[in-house]
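# Fold and geometry: a report
So you can see what is in the structure, the chains are spelled out below.
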Amino acid sequence: MPMPIADLEAALREGFPDAEIQVEDLAGDNDHYRARIVSAAFAGVPRVKQHQLVYAALKGKMGGELHALALETSAPA
Amino acid sequence: MSDAATTDPVHDFIAKAVSEHPVVLFMKGVPDQPRCGFSSQVVQILDQLGVDFVGVDVLQSEPLREGIKRFSDWPTIPQLYVKGEFVGGCDIVREMFQTGELQGFLEQQGVAAQ
């Protein structure tokens, strides 16, 4: 069940309004993405929790509509 | 979460698995034959580090496949547990491996290869 890249970006921007976000479609199939997200929301937050925040922003789409999303999360330097 | 009392048999199975085995990988397929590239990557990392681990194939049971996602509050497979704690999925494990953090963590937990 693919998800258009624009929808993914929009969901991430809504969840992390301050963030620098880059999304790549790794396989060109709207189903395997990589997202780099740099947001102050991640400052001092353990990595598992950072990814959980991203999944929460995707409101259950991860693992359903969205099969693969490689995540790189960090706080601004 | 993991320490809540429950009557959910899937939850109990997972809680028991991660408390009885120091390193557990919930994955698609079995360690000798992973059925997903992400599960395969984590198996390769653990093998390369020579870590003894138990693989649990979530494809054998739909309730387990859904149950582990709830148990960890994590929507994807694979999921690595060390000493009962959720360490992460494929990205986190790979990142920790690449920075050398994983080796240190496993040593600290007393589960690194001898």
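Residues numbered from 1 in each chain as written. Chains lettered and ligands numbered in written order. Predicted model: local features only at pLDDT ≥ 70, side-chain atom pairs only at ≥ 80, totals over all residues.

The subject of this paragraph is the overall build of chain B. Along the backbone of chain B there are five helices and six strands. If you list the helices and strands of chain B from N to C, you get α-β-β-β-α-β-α-β-β-α-α. For 114 residues, the compact-globule formula gives about 13 Å, and the C-alpha radius of gyration of chain B, at 13 Å, lands near that figure. Taken along its principal axes, the extent of the C-alpha atoms in chain B is 40 × 30 × 20 Å. Per-residue burial over chain B gives 36% buried out of 114 residues. Summarising the internal contacts of chain B: among those between residues at least 6 apart in sequence, 62% fall at separations of at least 24. (Helix = DSSP H or I, 4+ residues; strand = E, 2+ residues; numbered from the N terminus. Rg over C-alpha atoms; globule rule 2.2 N^0.38 Å. Buried ≥ 20, exposed ≤ 12 C-beta atoms within 10 Å, placed from the backbone. Contact = placed C-beta atoms within 7 Å.)

Many analyses report the size of an interface as the accessible area lost when the parts associate. Each side of the interface is counted separately: chain A has nine residues, and chain B has eight residues. By residue number, the principal contributor to the side of chain A that touches chain B is helix α2 (residues 47-57) of chain A, which donates five residues. Looking at the side of chain A that touches chain B residue by residue, the classes come out as five nonpolar, three polar and one charged. (Nonpolar A, V, L, I, M, F, W, Y, C, P; charged D, E, K, R; others polar.)

The next subject is the confidence of the model for chain B. Mean pLDDT over chain B works out to 93, with 94% of the residues at or above the 70 mark. With pTM at 0.89, the complex prediction returns an ipTM value of 0.83. (pLDDT = per-residue confidence, 0-100.)

The subject of this paragraph is the pairing of strand β6 (residues 85-88) of chain B. All names here are of chain B. Pairing of strand β5 (residues 79-82) with β6 involves three bridges; the strand directions are antiparallel. By the bridge assignment for β6, V82 is matched with E85. In this antiparallel pair of consecutive strands, β5 and β6, the connection spans two residues, and K83 shows a positive phi of 50 degrees. (Pairing = 2+ DSSP bridges.)

Turning to the packing of helix α1 (residues 9-20) of chain B against helix α3 (residues 62-72) of chain B, a few remarks are in order. If you want to describe how two helices pack, look at the angle between their axes and the distance between the axes. Residues and elements named next belong to chain B. Relative to each other, α1 and α3 sit at 70 degrees, their axes nearing to 9 Å. The orientation of α1 with respect to α3, classified from their angle, is roughly perpendicular. The interaxial crossing formed by α1 with α3 has right-handed handedness. Along the contact surface, α1 presents V10, H11 and I14, while α3 presents P63, L64, G67, I68 and F71. Taken together, the residues that form the contact of α1 with α3 break down as six nonpolar, two polar and no charged. (Axes fitted to C-alpha atoms, helices over the stretch in contact; angles between N-to-C directions. Parallel < 35°, antiparallel > 145°, perpendicular 65-115°, else oblique. Left-handed = near helix turned anticlockwise from the far one by under 90°.)

Time to look at the environment of K69(B). With respect to the helices and strands, the residue K69(B) is situated in helix α3. When the 19 C-beta atoms within 10 Å are taken as the criterion, K69(B) is described as partly exposed. Sequence-wise, K69(B) and Q79(B) are 10 residues apart; in three dimensions their C-alpha atoms are separated by 8.9 Å. Leaving out residues up to four positions away in the same chain, K69(B) has contacts with G63(A), W74(B) and P75(B).

Note on backbone geometry: most residues besides glycine have negative phi, and most peptide bonds are trans. Between I77(B) and the following residue, P78(B), the backbone shows a cis peptide bond with an omega angle of 10 degrees. By the element assignment, P78(B) lies in the loop between α3 and β5. Even without a glycine there, the phi angle at K59(A) is positive, about 50 degrees. Along the chain, K59(A) falls in the loop between α2 and β3 (68-74). Judged by local crowding, K59(A) falls into the exposed class, with 11 C-beta atoms found within 10 Å. For D73(B), which is not glycine, the phi torsion reads 55 degrees and is therefore positive. Following the sequence through the fold, D73(B) ends up in the loop between α3 and β5.

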